[in-house]
Amino acid sequence: MASKDDNDKKNDKRFTATTPARRFMKLAGMSTSIATRVATSSAKSLFLSEEQREKERQKMLAKIGAEVAETLGEMKGAVMKVGQIASQVKDLLPEEFAKALEKLQKESPPMPFRVIRKQIIDELGAPPYELFREMDEQPFAAASIGQVHRAVLPDGREVVVKVQYPGVEESIESDLRHLRRIFRLAGLLKLDEQVIDEVFNEIKARLRDELDYQKEAENLRAFRAFHAEDHGIVIPEVVEEFTSRRVLTLTRESGDTLDTVASSPQYDQALRNELGRRVFDIFGKQIFVHHAVHCDPHPGNFAFRPDGSIIIYDFGAVKRLTPGDIAIYRRIMQAAYNTDFDGIEAALIDLGVRRPDGPRPEDSFYRRWMELFLPAFSDQPFDFGNSRLHIEAFKQARATPLRYLDSFQPAARTMLVNRVITGHYWTLMKLGTVASTRDLVEKYTGPTA
């Protein structure tokens, strides 16, 4: 059996790219490998039929996706976080590539504790054994930019300590520049340069927020205050004296994972229905009342209790919305419920999703999408557990008439809100929620016909 030191040394070798120079070399090597793969595939395609070329392209994208996912998973930091976002924002990337990146949604291998110990010393001025009565060296969660360890304060309070990986913040610019180059080499970003700039600037801004744990502490305080009167919403409290820019200490709030809820008899159908509606309500209220929303719907950021409580973790990723965008979201829902196709068209143009220079889709186009989505937002119970909405939406998107392909584009300002909506659709699916939601929609967007 391998010793703890042996495992630490193994991890040390895996995660050597912790300086900008080393990360540059690793990403440059991946770029060269991908460029070679693309060139080889292009040359081979010259002698293939159209159908064979498409199969070859799909195979190439799957291989590139797997290579990118493996490299980013080892590097952690900005590039891994972008890979996670990309796997969730499927309208930006080809299906084969996005599918390969899905593995980045799973918990990644932890950094060796010696790295974490040094970060704590650098940030808090003393080693963990002097600061805490106890601290687990093995993390219970490891993510893209940091990992979390259980600890006990000198006064006996149980806490969790989130420690940022070294070199992540200093490498954002270089990481994103390389990642953009990789996506372009593989022909993955078929968007206007302005749109690409907006998308990457949005990602960069959110990453900078996430890397400042003092800003996350501010978010936690703000959301705790906002939800103070909401029964059943639990948000950890910041332990100020053990928090810095790269170390965040919070009270420990325990609960059951989504997988446990889905399989435990403690959570009967009625409770899972209630939890699903509460998830829907929480994020509706954050978007339409608070104008700021927790926008990392990873299942690990939520826990549940048999009393119906929902615990929300990780407030590094928060999207603040302008009153103008909030008004547009209200208009879209109102127009959808009222079968107002011109209203939907105008709202999508104002949101930047519908390109005004592209042909105006026929009413039947919008009608098909409304007929697909509205049952999930109706006054009749919708069975999220057996939903095929995502499958049918994918089929419908693939069947979009060619003449409309230039009519729509991803919009940076909606990217993270879309991530929230799709992420919690999967949460309601996993919960097996059966519930009507129109009353919750109208609660925040106003009554409809």
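See the structure printed just above.
These lines cover the structure that appears in this document, whether it is placed above or below. (Residues numbered from 1 in each chain as written. Predicted model: local features only at pLDDT ≥ 70, side-chain atom pairs only at ≥ 80, totals over all residues. Heavy atoms only, no water.)

With that settled, consider the overall build of the protein chain. On a plain count of helices and strands, the protein chain comes out with 18 helices and 12 strands. Each of the 449 residues in the protein chain was classed as buried or not, and the buried ones make up 53%. Split by element, the accessible area of the protein chain, about 21000 Å² in all, is 53% carbon and sulfur. (Helix = DSSP H or I, 4+ residues; strand = E, 2+ residues; numbered from the N terminus. Buried < 20%, exposed > 50% of the residue type's maximum accessible area, 1.4 Å probe, protein only. Areas by Shrake-Rupley, 256 points an atom, 1.4 Å probe, with all protein chains shown as cover.)

What follows concerns the packing of helix α14 (residues 341–351) against helix α15 (residues 363–373). At a minimum axis separation of 10 Å, α14 and α15 run at an interaxial angle of 85°. With respect to α15, the axis of α14 lies roughly perpendicular. For the pair α14 and α15, the contacting residues are Phe341, Ile344, Glu345 and Leu348 in the first and Asp363, Tyr366, Arg367 and Met370 in the second. Looking at the contact of α14 with α15 residue by residue, the class counts come to five nonpolar, no polar and three charged. (Axes fitted to C-alpha atoms, helices over the stretch in contact; angles between N-to-C directions. Parallel < 35°, antiparallel > 145°, perpendicular 65-115°, else oblique. Contact = heavy atoms within 4.5 Å. Nonpolar A, V, L, I, M, F, W, Y, C, P; charged D, E, K, R; others polar.)

Attention now goes to the pairing of strand β3 (residues 146–152). Counted residue by residue, β3 has six buried out of seven residues, so it is predominantly covered. Pairing geometry for strand β1 (residues 134–135) and β3, over two bridges, is antiparallel. Counterpart to glutamate 134 in the pairing with β3 is valine 152. Note that strand β2 (residues 141–142) and β3 share two bridges and pair antiparallel. Looking across to β3, one finds that alanine 142 is bridged to glutamine 147. Following β2, the chain reverses through three residues before pairing antiparallel with β3. Where β3 lies against strand β4 (residues 158–164), seven bridges are found, and the strand directions are antiparallel. (Pairing = 2+ DSSP bridges.)

As a further point, take the pairing of β4. In terms of burial, β4 is a largely internal element, six of the seven residues being buried. Between the antiparallel neighbours β3 and β4 lie five residues, among them glycine 156 with a positive phi of about 95°. By the bridge criterion, five bridges tie β4 to strand β6 (residues 247–251) in an arrangement that is antiparallel. Bridging across to β6, valine 161 finds its partner in threonine 249.

It is worth spelling out the sheet that holds strand β5 (residues 233–234) at this point. Strand order in the open sheet formed by three strands is β5-β9-β8, and the pairing between neighbours is mixed. Taken across any chain shown, the strands that pair with only one partner, and hence form the sheet edges, are β5 and β8 (302–304). Across two bridges, the pairing between β5 and strand β9 (residues 310–312) is parallel. Looking at the pairing, isoleucine 233 lines up with isoleucine 310 of β9. Against the sheet, helix α12 (residues 269–290) touches β5, β8 and β9, its axis set at about 40° to β9.

This next bit is on the packing of aromatic side chains. The tally for this structure, following the rule as stated, stands at 10 aromatic pairs. Aromatic side chains phenylalanine 223 and phenylalanine 315 sit 5.0 Å apart centroid to centroid with 45° between the ring planes, which places their arrangement in the tilted category. Of this pair, phenylalanine 223 sits in helix α10 (residues 213–226) while phenylalanine 315 sits in the loop between β9 and β10 (318–320), and the two are 92 residues apart along the sequence. Given the relative accessible area of 0%, phenylalanine 315 is considered buried. (Phe/Tyr/Trp six-rings, centres within 6.5 Å; stacked < 30°, edge-to-face > 60°.)

The next subject is the environment of alanine 347. Note that alanine 347 resides in helix α14. On the basis of relative accessibility, which here comes to 0%, the residue alanine 347 falls in the buried class. Separated by 14 residues in the primary sequence, alanine 347 and methionine 333 place their C-alpha atoms 9.9 Å from one another. Those residues in contact with alanine 347, other than ones at most four positions away along the chain, are Ile328, Arg331 and Ile332.

Turning to α10, a few remarks are in order. Compared with the 20 Å implied by 1.5 Å per residue over 14 residues, the 20 Å span of α10 between its first and last C-alpha is a close match. Inspection of α10 places Tyr213, Glu216, Ala217, Asn219, Leu220, Phe223 and Phe226 among the buried residues, and these make up the whole buried set. (Expected span 1.5 Å × (residues − 1).)

On to the nonpolar core, then. Ranked by size, the top nonpolar core spans 64 residues in total, and within it Leu275 and Phe304 carry the most contacts. Formed by 32 residues, the second largest nonpolar core is a distinct cluster that contains Met111, Met135, Ile145 and Leu176. (Core = buried A, V, L, I, M, F, W, Y, C linked by side-chain atoms within 4.5 Å.)

Attention shifts here to the packing of helix α13 (residues 323–337) against α14. Two numbers describe how α13 lies on α14: the axes approach to 9 Å, and their chain directions differ by 155°. Here α13 lies roughly antiparallel to α14, going by the angle between them. In the crossing of α13 with α14, the sense of the turn from one axis to the other is left-handed. Facing Asp325, Ile328, Tyr329, Arg331, Ile332, Ala335 and Ala336 of α13, the residues of α14 in contact are Gly343, Ile344, Ala346, Ala347, Leu348, Asp350 and Leu351. Grouping the constituent residues of the contact of α13 with α14 by class yields 10 nonpolar, one polar and three charged. (Left-handed = near helix turned anticlockwise from the far one by under 90°.)

Overall, the coordinates contain 28 salt bridges when judged by the stated rule. The shortest N-O distance in the salt bridge between lysine 285 and aspartate 230 comes to 2.8 Å. One end of the pair, lysine 285, is in helix α12; the other, aspartate 230, is in the loop between α10 and β5, and 55 residues separate them in sequence. Between lysine 430 and aspartate 259 there is a salt bridge, and its shortest N-O distance comes to 3.1 Å. Here aspartate 259 lies in helix α11 (residues 258–263) and lysine 430 lies in helix α17 (residues 412–431), a separation of 171 residues in the sequence. Among the residues examined, aspartate 259 registers a relative accessible area of 51% and is labelled exposed. Three or more residues joined by partner-sharing salt bridges are found here, namely Asp155, Arg157 and Glu241. (Salt bridge = Lys/Arg side-chain N within 4 Å of Asp/Glu carboxyl O.)

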